[in-house]
Amino acid sequence: KNEVEQSPQNLTAQEGEFITINCSYSVGISALHWLQQHPGGGIVSLFMLSSGKKKHGRLIATINIQEKHSSLHITASHPRDSAVYICAVSPWDDKIIFGKGTRLHILP
Amino acid sequence: KAGVTQTPRYLIKTRGQQVTLSCSPISGHRSVSWYQQTPGQGLQFLFEYFSETQRNKGNFPGRFSGRQFSNSRSEMNVSTLELGDSALYLCASSLGPKKETQYFGPGTRLLVL
């Protein structure tokens, strides 16, 4: 079993829909990261969370430390949001562990 | 401020050769981490350097090594290349060692034939 599990693996939605991507992890962590990877490979760090909730534009990330679970939400989704979203955790030994990613495709 | 740069961007090598990849972090950033991305395994942590010291190492064989210079630039080296080393190698920099927001480079795509 992977230490970081993401769901769904693939998601196709219509423009404007509310999107939720989930991440569950099984290790103790100091922080959780959400990353975005566009075709061609470039990765952008979206959020780093250790508790609660963060918001940036149309993106919202939440984390529940007790349940070892985080969600990434996208409101009013747009085709430019199409990308792979990757959840990663920083365990206490600082060896960051990545999920397999969620491939999101937003149709116009 | 210039972003993280990696050179070369593309590389083709044959089995048994060695390769050196370079990463220049954002000015002022002292932490550099290296990652390998393959279709099968996804992203995996290779190692992290902070102030010229290796802070952490992932579960990769000793053929994978790295170093960091006094100007925070980092190199990673893979010796005795294997076909399975074909991957996208990404480096990321951050201000300090606790992986507060990391800034990723564009990656070096290595193909081993």
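Residues numbered from 1 in each chain as written. Chains lettered and ligands numbered in written order. Predicted model: local features only at pLDDT ≥ 70, side-chain atom pairs only at ≥ 80, totals over all residues. Heavy atoms only, no water.

## Focus on the sheet that holds strand β6 (residues 52–56) of chain A
Residues and elements named next belong to chain A. Counted only if it meets this: Here, any two strands with at least 2 DSSP bridges between them count as paired. Working definition: helices are DSSP H or I runs of at least four residues, strands are E runs of at least two. Numbering for both runs from the N terminus. Between the N-to-C directions of two axes lies an angle of 0 to 180 degrees, each axis being a line fitted to C-alpha atoms and, for a helix, fitted only over the stretch in contact.
Read from one edge to the other, the open sheet built from five strands follows the order β1-β3-β8-β7-β6, with strand pairing classed as antiparallel. Strands at the two margins of the open sheet, each flanked by one partner only, are β1 (4–7) and β6. Strand-to-strand twist across the sheet, computed as the mean angle between neighbouring axes with direction ignored, equals 15°. Both strand β3 (residues 19–25) and strand β8 (residues 69–74) contribute to a ladder of six bridges, which runs antiparallel. Looking at β8, one finds that C23 is bridged to S70.

## A closer look at the interface of chain A and chain B
Convention followed: Any two residues whose heavy atoms approach within 4.5 Å at even a single point are treated as in contact. A 1.4 Å probe defines the accessible area here, and the buried area is the portion of it lost by two parts on being joined, summed over both. Charged residues are taken to be Asp, Glu, Lys and Arg, nonpolar residues to be Ala, Val, Leu, Ile, Met, Phe, Trp, Tyr, Cys and Pro, and polar residues to be all remaining types, Gly included.
Taken together, the 16 residues of chain A in the interface contact 21 residues of chain B. Interface area for chain A against chain B, summed over the two sides, is near 1,500 Å², with a carbon-plus-sulfur share of 53%. On the chain A side of the contact with chain B, I43, D94 and F98 of chain A bury the most area, a combined 36% of that side's loss. Mapped onto the side of chain A that touches chain B, the elements with two or more residues apiece are β4 (29–37), β5 (43–49) and β9 (83–91) of chain A. Of the residues that constitute the side of chain A that touches chain B, the class distribution is six nonpolar, six polar and four charged.

## Considering the state of the cysteines
All names here are of chain A. Note the following rule: Cysteine sulfur atoms are paired as a disulfide whenever they come within 2.5 Å of each other. The rule is simple: take the accessible area with a 1.4 Å probe, protein chains only, and divide by the maximum for that residue type; under 20% is buried, over 50% is exposed, in between is partly exposed.
Summed over the entire model, instances satisfying the criterion amount to two disulfides over all chains. Residue pairing for C23: its cysteine sulfur links by disulfide to C87, the two sulfurs lying 2.0 Å apart. A torsion of -65° about the S-S bond marks the disulfide between C23 and C87 as left-handed. Separated by 64 residues along the polypeptide, C23 in strand β3 and C87 in strand β9 bring together distant segments of the chain. Residue class for C23 comes out buried when judged on its relative accessible area of 0%. The exposure class of C87 is buried, given its relative accessible area of 0%.

## Section: the nonpolar core
Residues and elements named next belong to chain A. Rule in force here: Put simply, buried Ala, Val, Leu, Ile, Met, Phe, Trp, Tyr and Cys residues joined by side-chain atoms within 4.5 Å make one nonpolar core.
Ranked by size, the top nonpolar core spans 24 residues in total, and within it L32, W34 and V89 carry the most contacts. Counting residues per element, the ones that place at least two in this core are β3, β4, β5, β7 (59–64), β8, β9 and β11 (102–107). Once residues lying within four places of it in the same chain are set aside, the contact partners of L32 are C23, Y25, F47, M48, L49, I63, S70, C87, A88 and V89.

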